[in-house]
Amino acid sequence: VEQLHKMKSQDDHTMLVFIKAYLQEVRLNVSDQMHLMQECVQKDLKELLLATRSLDMQIGTTSDCARDAIRPLQVGIEGATGLQNSFEKGGPYCVCEVVGKPLTKVQTSVSTDSESPCWNFQNS
């Protein structure tokens, strides 16, 4: 822009050539910046897609077709026998979880019978 002011005294053709070169430079800079932004957005989208797939795997989300063919796992916990009375706080309870899928965790209530608890637990 400063050079434009200096060129006021020169002919119109020189001024037009300069403006054209300046606009090409601006266009290239904008194009480069847009390309970088596009790469960043694509990278972020890929990371988001991977994170979504990972979360789907953790919580067991499936596609609509697969969901129709798969029924939820029902877990029943009847009780335990032969436990040693070594519970510091409360009594015995049972935890069941699919390895690597923490949101599948189910837990019985605490039993007052510390040696042979009977929960008759059924997840819902």
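Structure: see above.
So, here's what we can say about the structure. (Residues numbered from 1 in each chain as written. Predicted model: local features only at pLDDT ≥ 70, side-chain atom pairs only at ≥ 80, totals over all residues. Heavy atoms only, no water.)

Details of the side chain of Asn-123
Okay, so step 1: In this structure, Asn-123 sits in the segment after β4 (118–122).
Okay, so step 2: When its relative accessible area of 13% is taken as the criterion, Asn-123 is described as buried.
Okay, so step 3: Within the local environment of Asn-123, its side chain forms a polar contact with the backbone nitrogen of Val-75, the two atoms lying 2.6 Å apart.
Okay, so step 4: With residues up to four places along the chain from it excluded, the contact list for Asn-123 reads Leu-73, Gln-74, Val-75 and Val-106. (Helix = DSSP H or I, 4+ residues; strand = E, 2+ residues; numbered from the N terminus. Buried < 20%, exposed > 50% of the residue type's maximum accessible area, 1.4 Å probe, protein only. Polar contact = N/O pair within 3.5 Å; in protein donor to acceptor, adjacent residues only side chain to side chain. Contact = heavy atoms within 4.5 Å.)

Here's the deal with the pattern of salt bridges
Okay, so step 1: In the structure shown here, the tally under the stated rule is one salt bridge.
Okay, so step 2: Residues Glu-47 and Lys-43 are paired through a salt bridge, measuring 3.9 Å at the closest nitrogen-oxygen approach. In this pair, Glu-47 and Lys-43 are both assigned in helix α2 (residues 12–59), four residues apart and thus about one turn of the helix distant.
Okay, so step 3: With a relative accessible area of 43%, Glu-47 lands in the partly exposed category. (Salt bridge = Lys/Arg side-chain N within 4 Å of Asp/Glu carboxyl O.)

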